[in-house]
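Observations on the model geometry
Below, each chain spelled out in residue letters.
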Amino acid sequence: KARSTSDVYIVVIDGAFDAANEVAAQLRASGLNVEVDITTRKVEKQIKTVLKKNIPYALFVGANDTDSGVYSLKNIETEQEEKLSIADIATRLQS
């Protein structure tokens, strides 16, 4: 199956759209293709979209993540999840 042109899909938790769009803007500024889920669907449904679209990474953004500046990045293939800053996420996805 062809890989998506998107590098990462932002899974929005509890309607944290402002936070998600802010994160997306920062990642796009570093040259990444970012998709943001603009629906209000449950996390499980959003993950299904990531799988269906064959996007390599899912980034989980909730309202309280912006306070810490640390986000969960999940490698869809390996199912490995890491907590990283935006800068580290950008570096990881660019490699």
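Just above sits the structure.
Given the structure is predicted, the values throughout are model-derived calculations rather than measurements. (Residues numbered from 1 in each chain as written. Predicted model: local features only at pLDDT ≥ 70, side-chain atom pairs only at ≥ 80, totals over all residues. Heavy atoms only, no water.)

Okay, the overall build of the protein next. Secondary structure summary: the protein contains 4 helices and 5 strands in total. Each helix and strand of the protein, ordered N terminal to C terminal, gives the series β-α-β-α-β-α-β-β-α. For 95 residues, the compact-globule estimate of 2.2 N^0.38 gives 12 Å, and the C-alpha radius of gyration of the protein, at 12 Å, lies within 12% of that figure. The principal-axis extents of the C-alpha atoms in the protein amount to approximately 35 × 30 × 20 Å. A burial count over the protein gives 43% of its 95 residues as buried. By sequence separation, contacts in the protein at least 24 residues apart represent 56% of the contacts at least 6 residues apart. (Helix = DSSP H or I, 4+ residues; strand = E, 2+ residues; numbered from the N terminus. Rg over C-alpha atoms; globule rule 2.2 N^0.38 Å. Buried < 20%, exposed > 50% of the residue type's maximum accessible area, 1.4 Å probe, protein only. Contact = heavy atoms within 4.5 Å.)

What follows concerns the nonpolar core. What tends to happen in soluble globular proteins is that the nonpolar side chains get buried as a cluster. In this structure, I10, L27 and L59 are the most contacted members of the largest nonpolar core, which totals 22 residues. Those elements that provide at least two residues to this core are β1 (8–12), α1 (17–29), β2 (34–36), β3 (57–61), β4 (71–75) and α4 (86–94). For this core, the leading source of residues is α1, giving 5 residues. Aside from chain neighbours lying at most four places away, what touches L27 is V8, L32, V34, L59, I86, I89 and A90. Core analysis: the next-biggest nonpolar cluster, separate from the first, contains 8 residues, Y9, V50, A58 and I76 among them. (Core = buried A, V, L, I, M, F, W, Y, C linked by side-chain atoms within 4.5 Å.)

Our focus in this paragraph is α4. For the α-helix, the turn length of 3.6 residues means that residues three or four positions removed from each other point alike. Looking at α4, one finds that the buried residues are I86, I89, A90 and L93. Looking straight down α4, one finds its buried side chains confined to an arc of 100 degrees; they lie on one side. Facing away from the buried side of α4 by over 90 degrees, the exposed positions are A87 and T91. On its buried face, α4 sits against β1, α1, β3, β4 and β5 (81–84). (Arc of directions from axis to C-beta.)

Now for the sheet that holds β2. Strand pairing within a sheet occurs via backbone hydrogen bonds; the two strands may be parallel or antiparallel. If you walk across this open sheet you meet the 5 strands as β2-β1-β3-β4-β5, and the pairing is mixed. On the outer flanks of this sheet lie β2 and β5, each paired with one strand and no other. Averaged over all neighbouring strand pairs, the angle between strand axes comes to 25 degrees, with direction disregarded. Relative to β2, β1 runs parallel, the two sharing 3 bridges. Its bridge partner lying in β2, Y9 is registered against E35. Sheet contacts for helix α2 (residues 43–53): β1, β2 and β3; angle to β1, the most-contacted strand, approximately 170 degrees. (Pairing = 2+ DSSP bridges. Axes fitted to C-alpha atoms, helices over the stretch in contact; angles between N-to-C directions.)

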